[in-house]
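Coordinates in review
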Amino acid sequence: MAPFIALIVSFGVFRLAGLLGWSYVEEWQHSLQAAVAVMFLLTASAHWGKRRGDLIRMVPPSFPRPDWIVTATGWLEIAGAIGILIPAVSSAAALGLVLMLLAMFPANVRAAKEKLTIGGKPVPNLAVRTLLQLVFIVAVLAASPLFAS
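Now for a quick tour of the structure. Please read all numbers here as calculations on a predicted model, not as lab measurements.

Another point: the side chain of Asn108. Locating Asn108 in the fold gives a position in helix α5 (residues 90-113). Given a relative accessible area of 10%, Asn108 falls into the buried group. Setting aside chain neighbours within four positions, we find Asn108 in contact with Met58, Arg129 and Gln133.

This is how it looks when you write it as structure tokens:
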């Protein structure tokens, strides 16, 4: 739930900053890009911290080197968070983030079905995790210039 909260709160903060005159986030889409970046930087931080072991346990056993997968996805989240803010690569970054979210979904399924924990807290059930994943995908796509208003 922390990534969802980070997405919503940071979007509100960036929208307010835009209304108060920060020109970069005056448009809702730029506020959403910044919020998506905050969310992915937050989730990436777990890939090397005390929650790393929890993330490694989420990787389905059919995948080789779960430790490497967790490290790689952490770096991809950082790259996507930065990339979505750079106009020249924002569309590519958004597509990459969506593909990554889809590729990581089996880990979310495993975590929910096996009632794993992250940081000692139980993960949300599969219905909630699926809904959150859809919200994240929609947020990334809406932040993309591919869907500019």
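Within the largest apolar cluster, 24 residues are counted, with the highest numbers of intra-cluster contacts made by Leu7, Val36, Phe40, Ile84, Leu97 and Val140. Among the elements that make up this core, the one with the highest residue count is helix α2 (residues 28-45) (7 residues). What Ile84 contacts, discounting residues up to four positions off in sequence, is Gln33, Val36, Ala37, Ser90, Ala93, Ala94, Leu97, Val140 and Ala143. In this structure, Ala46, Val59, Val70 and Ala107 belong to the second largest nonpolar core, which totals 9 residues.

Turning our attention to the pattern of salt bridges. In total, this model carries 3 salt bridges according to the counting rule given. A salt bridge links Asp54 to Arg57; the shortest N-O distance between them is 2.4 Å. Of this pair, Asp54 and Arg57 both sit in helix α3 (residues 52-58), 3 residues apart, roughly one helical turn. Using a relative accessible area of 9% as the deciding quantity, one classes Asp54 as buried. Since its relative accessible area comes to 47%, Arg57 is described here as partly exposed. Arg65 is the salt-bridge partner of Asp67, the closest N and O atoms lying 3.1 Å from each other. Take Asp67: its relative accessible area is 28%, and that puts it in the partly exposed class.

Tracing the backbone shows Val59 in the loop between α3 and α4 (66-83). Those residues in contact with Val59 that sit more than four places away from it in its chain are Pro66, Ile69, Val70, Ala107 and Arg110.

Moving on to the environment of Leu85. Examined against the element boundaries, Leu85 turns out to sit in the loop between α4 and α5. A relative accessible area of 33% places Leu85 in the partly exposed class. Residues Leu85 and Val138, spaced 53 residues apart in sequence, show a C-alpha to C-alpha distance of 17 Å. For Leu85, the contacting residues outside a window of four places in its chain are Tyr24, Gln33, Ala34 and Ala37.

For helix α6 (residues 126-143), which comprises 18 residues, the first-to-last C-alpha distance of 25 Å matches the rise-based estimate of 26 Å (1.5 Å per residue) to within 8%. Burial in α6 covers these residues: Arg129, Leu132, Gln133, Phe136, Ile137, Ala139, Val140 and Ala143. On an axial view of α6, the arc spanned by its buried residues comes to 160°, and they lie on one face. Exposed and facing more than 90 degrees away from the buried side of α6 are Ala127, Leu131 and Val138.

Calculation notes
- Residues numbered from 1 in each chain as written.
- Predicted model: local features only at pLDDT ≥ 70, side-chain atom pairs only at ≥ 80, totals over all residues.
- Heavy atoms only, no water.
- Helix = DSSP H or I, 4+ residues; strand = E, 2+ residues; numbered from the N terminus.
- Buried < 20%, exposed > 50% of the residue type's maximum accessible area, 1.4 Å probe, protein only.
- Contact = heavy atoms within 4.5 Å.
- Core = buried A, V, L, I, M, F, W, Y, C linked by side-chain atoms within 4.5 Å.
- Salt bridge = Lys/Arg side-chain N within 4 Å of Asp/Glu carboxyl O.
- Expected span 1.5 Å × (residues − 1).
- Arc of directions from axis to C-beta.

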